[in-house]
Amino acid sequence: MKYTKKLKGVLACFLFAICAITIMSCGKKDSTQKDSSSETSENKKLVTVGYVQSGTGSAWSLANVESIQQNCTEENGINLIYECADDSFDKQLSIVNSFIEQKVDLISFTPIVSDGWEDTLKKAKEAGIPVIIMDRMVETSDDTLFNCWIGSNFLLEGYKAADWLIEYMKSLNLKKDQFNVALFLGVVGSSAEVGRTQGVEEMLNTAGNFKFVYKDTGNFNRDGGIENMKKILKKKLDIDILIAENDDMALGAIQVMEENGIKPGKDIVIVSFDGIHDAFQAMVDGKINCVMECNPLTGKLLASAVQTVMNGDPISKKNYVLEEIFPADTAADYIDNRKY
């Protein structure tokens, strides 16, 4: 701008314009602050997640539920609606359908069995509700009906447990051509039962010197282990090895063994799955020979997956938790750090 002799007059006009702009700017700043505040409030809107657990009849399930409740919190942007199906598939199906009717933002569940979910998952998809499956997998002809799955590689668990058992029995240098095996199954049809059973059977059948002389479900609970062990004794079956597809069934069987003068871990080699604290104590006490871990602490993974899915970001279809195998001679080193 080129100044003239009328500088004073122009300067006065300029100062007036600056004042006007400043006043207008102040007004706009207030408006912007309100918009920003409103946007922050909108960003803090909680994601309502309906989650239904299969049941809480085992220490593993209780630890799993606790992990989910500790991580799916308002602090992490989640309003969790928790329900338990009490090991009833019909009840679980009804709860998931009620979540759809409630129009929750996202549904998650640990299926009791793998089959029978197709129609319900279609309803959820039609309603625009994302689904995250936990622990056990579902069987469906359309894998777009759920967003992702979080859990264990049950087949690999079976392979690893059987592989350890084969090598352990070799190390004992027993003068036997064949080892008789009792297998306590989990809930028949659940992906945990299917995977572990397949892995164990494939490995032991290939080894050639293992024979399954007893096989029945114990439904993943201690009472099931007690009942099965009583049946074995009643039938007077001579077993060298017990493989229990979860720790609670193994602990139930141990109770019956001790009541009948049998030394668990010595007279009968015991391998179990899950890795709960009581099983580690049983290993320390020499009553269980090996535990294949199945990690229930999946709450953090679920909370993270909820935010990823709701943000529309890509996520892997299968998300495996980290797991280890623990022979009895390592149990004392880890027992104090077990969180379940």
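Everything below is about the structure shown above.
Quantities reported herein were computed from a predicted structural model and do not represent experimental measurements. (Residues numbered from 1 in each chain as written. Predicted model: local features only at pLDDT ≥ 70, side-chain atom pairs only at ≥ 80, totals over all residues. Heavy atoms only, no water.)

### Focus: the overall build of the protein chain
Per the secondary structure count, the protein chain includes 11 helices and 12 strands. With 340 residues in all, the protein chain has 47% of them scored as buried. For the protein chain, the share of sequence-separated contacts (at least 6 apart) that also reach a separation of at least 24 residues comes to 73%. Only carbon and sulfur atoms are counted for the fraction: they give 51% of the accessible area of the protein chain, which is about 17,700 Å². (Helix = DSSP H or I, 4+ residues; strand = E, 2+ residues; numbered from the N terminus. Buried < 20%, exposed > 50% of the residue type's maximum accessible area, 1.4 Å probe, protein only. Contact = heavy atoms within 4.5 Å. Areas by Shrake-Rupley, 256 points an atom, 1.4 Å probe, with all protein chains shown as cover.)

### Section: the packing of aromatic side chains
Per the counting criterion, the structure on display carries 9 aromatic pairs. Judged by centre distance (5.5 Å) and plane angle (85°), the rings of F89 and W117 are edge-to-face. Of this pair, F89 sits in helix α3 (residues 89–102) while W117 sits in the loop between β3 (106–109) and α4 (118–126); the two residues are 28 residues apart in sequence, bridging distant segments of the chain. When the centroid spacing of 5.0 Å and the interplanar angle of 70° are considered together, the rings of F326 and Y334 count as edge-to-face. By relative accessible area, which is 2% here, F326 ends up buried. Put simply, the rings of F89, F109 and W117 touch in pairs and so form one group of aromatic residues. Stacked on the ring of F212, the Lys or Arg K215 has its end atom at 5.1 Å from the ring centre. (Phe/Tyr/Trp six-rings, centres within 6.5 Å; stacked < 30°, edge-to-face > 60°. Lys NZ or Arg CZ within 6 Å of the ring centre and 35° of its normal.)

### What about helix α7 (residues 222–234)?
In a regular helix each residue adds 1.5 Å, so 13 residues correspond to 18 Å; α7 covers 18 Å between its end C-alpha atoms and thus fits that length. Listed in full, the buried residues belonging to α7 are G224, G225, I226, N228, M229 and I232. Tucked inside the fold, the buried residues of α7 contact β6 (179–185), β7 (210–217) and α8 (247–259). Of the residues flanking the start of α7, the one acting as N-cap is N221, its side-chain oxygen 3.3 Å from the backbone nitrogen of D223. Just past α7, the residue K236 takes up positive phi, approximately 55°. (Expected span 1.5 Å × (residues − 1). Polar contact = N/O pair within 3.5 Å; in protein donor to acceptor, adjacent residues only side chain to side chain.)

### What about the side chain of D274?
By the element assignment, D274 lies in strand β9 (residues 269–274). The exposure class assigned to D274 is buried, which follows from its relative accessible area of 5%. Every residue in contact with D274, bar those within four places of it in the chain, is listed here: W60, R196, N246, D247, V291, M292, E293, C294 and Y340.

### Topic: empty space enclosed by the protein
Considering all chains together, one arrives at 1 cavity of 30 Å³ or more under this definition. Contributing to the lining of the largest cavity are W60, N64, D135, G151, S152, N295, T298 and V321. Split into classes, the residues belonging to the lining of the largest cavity amount to 2 nonpolar, 5 polar and 1 charged. (1 Å grid on protein atoms, 1.4 Å probe; cavity = no way out; pocket = protein on both sides within 12 Å on 5 of 7 lines; lining within 4 Å. Points joined across faces, edges and corners; volume = space filled by probe spheres on them. Nonpolar A, V, L, I, M, F, W, Y, C, P; charged D, E, K, R; others polar.)

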